Amino acid sequence: MKVINFGSLNIDYTYKVDHILIGGETLSAFDRNVYCGGKGLNQSLALARAGIAVWHAGSIGRQDGQVLSDVLSASGVNLEYLKIIDNIPSGHTIIQVDQSGQNCILVYGGANKMITREQIYQTLSNFSKNDYLVLQNEINEIPYIMELAYKKGIKIILNPSPIDEKIRSLPLEYVDFFLVNEIEAAPLAEGNTDLELLDNLQIKYPNSHIVMTVGSRGAYYANQDTREYHDIFDVDVVDTTAAGDTFTGFFMAAFLEEKTPLECLRFASAASALAVSRAGASASIPLRKQVINFLAKLSS
């Protein structure tokens with residue numbers, strides 16, 4: 001069994017602000033940092049730091065992308081299928097983080113939007129039935145990737161973020177694992193409460209594993225007749241950037257190790273708690289041993 005993440009890689013320009021800007025407003029930032037990010041990169045790092053061997057496929061710009069490939073390599077992510085493109089910048093983001101740690105993010109696709117069908121076909125030819133494919137919504141050609149993966153019997157893990165009108169055009173019936181927050185889940189199914197939303201997602205996609213985080217209210221898992229819930233861990237929030245990506249990577253790592261759904265939720269929730277207590281995107285994603293130590297201290 002192999003895991004490939006076909007996902008985005010971004011350079012994150014992160015600004016600390018008093019509050020998130022509104023339309024027409026000019027505001028002075030009181031701090032600025034540059035981090036490696038992108039939902040794809042973050043989830044590959046989370047998987048790797050959780051102990052899973054993972055290949056990352058995608059595209060970066062030749063002039064500015066070295067820092068992105070370096071951070072993945074440093075955590076042991078295999079970059080055999082990463083493409084370097086001339087004359088196109090890597091993806092980047094502008095991130096505002098307010099005093100409570102909440103953020104808003106503006107994304108420029110860059111090289112993430114230059115993925116070709118030839119690249120996809122050549123990459124997925126190296127993977128087969130019962131391997132796992134991780135996807136988000138920050139690169140182009142996602143429908144083609146999903147169609148090809150499904151035909152090959154590769155299991156599809158989808159985090160449909162950022163959520164937009166393109167999601168409805170995807171063959172969502174092919175998805176084996178949905179990892180969503182309540183905002184991402186709402187366009188996919190109706191529900192006035194967390195449990196209604198979870199149940200309706202399961203009804204709509206009866207063959208899928210549904211993992212839904214609901215911010216400070218915790219996280220849920222649903223698959224057929226199984227339902228599990230785990231609360232958050234109480235930590236001081238510094239920056240929520242990459243918290244969801246950390247949760248995705250650590251949940252799937254635990255699942256692939258055949259942990260129970262509740263154990264997966266607990267492991268992922270602990271990893272996410274450590275991530276939000278630190279600044280930055282990729283820099284905030286903890287190591288497996290740090291998560292284990294965190295949980296051990298809680299149990300002692």
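Residues numbered from 1 in each chain as written. Predicted model: local features only at pLDDT ≥ 70, side-chain atom pairs only at ≥ 80, totals over all residues. Heavy atoms only, no water.

Caption draft 1: Fine view of the sheet that holds strand β13 (residues 226-230). The sheet built from nine strands is open, its strands ordered β5-β4-β1-β8-β9-β10-β11-β12-β13 with mixed pairing. Only two strands of the sheet have a single partner each, and these edge strands are β5 (82-85) and β13. Neighbour to neighbour, the strand axes of the sheet diverge by 15° on average, direction disregarded. Two elements, strand β11 (residues 209-213) and strand β12 (residues 219-223), share four bridges in a ladder whose sense is antiparallel. When the sheet's bridge partners are listed, Met-212 is paired in β12 with Tyr-220. Sheet strands touched by helix α4 (residues 142-152): β1 (3-6), β8 (132-135) and β9 (155-158). Its angle to β8, the strand with the most contacts, is close to 165°. Packed on one face of the sheet, helix α8 (residues 261-276) meets β11, β12 and β13 and runs near 25° to β13. (Pairing = 2+ DSSP bridges. Helix = DSSP H or I, 4+ residues; strand = E, 2+ residues; numbered from the N terminus. Axes fitted to C-alpha atoms, helices over the stretch in contact; angles between N-to-C directions. Contact = heavy atoms within 4.5 Å.)

Caption draft 2: Region of interest: the packing of helix α3 (residues 117-124) against α4. The contact between α3 and α4 brings their axes to 10 Å, and the two run at 25°. Here α4 runs roughly parallel to α3, going by the angle between their axes. As α3 runs across α4, the sense of the crossing is right-handed. Two secondary-structure elements touch here, α3 through Arg-117, Ile-120, Tyr-121 and Leu-124 and α4 through Tyr-144, Ile-145, Leu-148, Ala-149 and Lys-152. Across the contact of α3 with α4, the residue classes tally to seven nonpolar, no polar and two charged. (Parallel < 35°, antiparallel > 145°, perpendicular 65-115°, else oblique. Left-handed = near helix turned anticlockwise from the far one by under 90°. Nonpolar A, V, L, I, M, F, W, Y, C, P; charged D, E, K, R; others polar.)

Caption draft 3: Here's a closer look at the sheet that holds strand β6 (residues 91-97). Taken in spatial order, the four strands line up as β3-β2-β6-β7 in an open sheet, and their pairing is mixed. On the outer flanks of this sheet lie β3 (31-37) and β7 (103-108), each paired with one strand and no other. Taken over all neighbouring pairs, the strand axes of this sheet differ in orientation by 20° on average, direction set aside. Here β6 pairs with β7 via six bridges, running antiparallel. Of the residues in β7, the one forming a bridge with Val-97 is Asn-103. Lying on the sheet, helix α2 (residues 66-74) is in contact with β2 (10-16) and β3; it crosses β3 at an angle near 65°.

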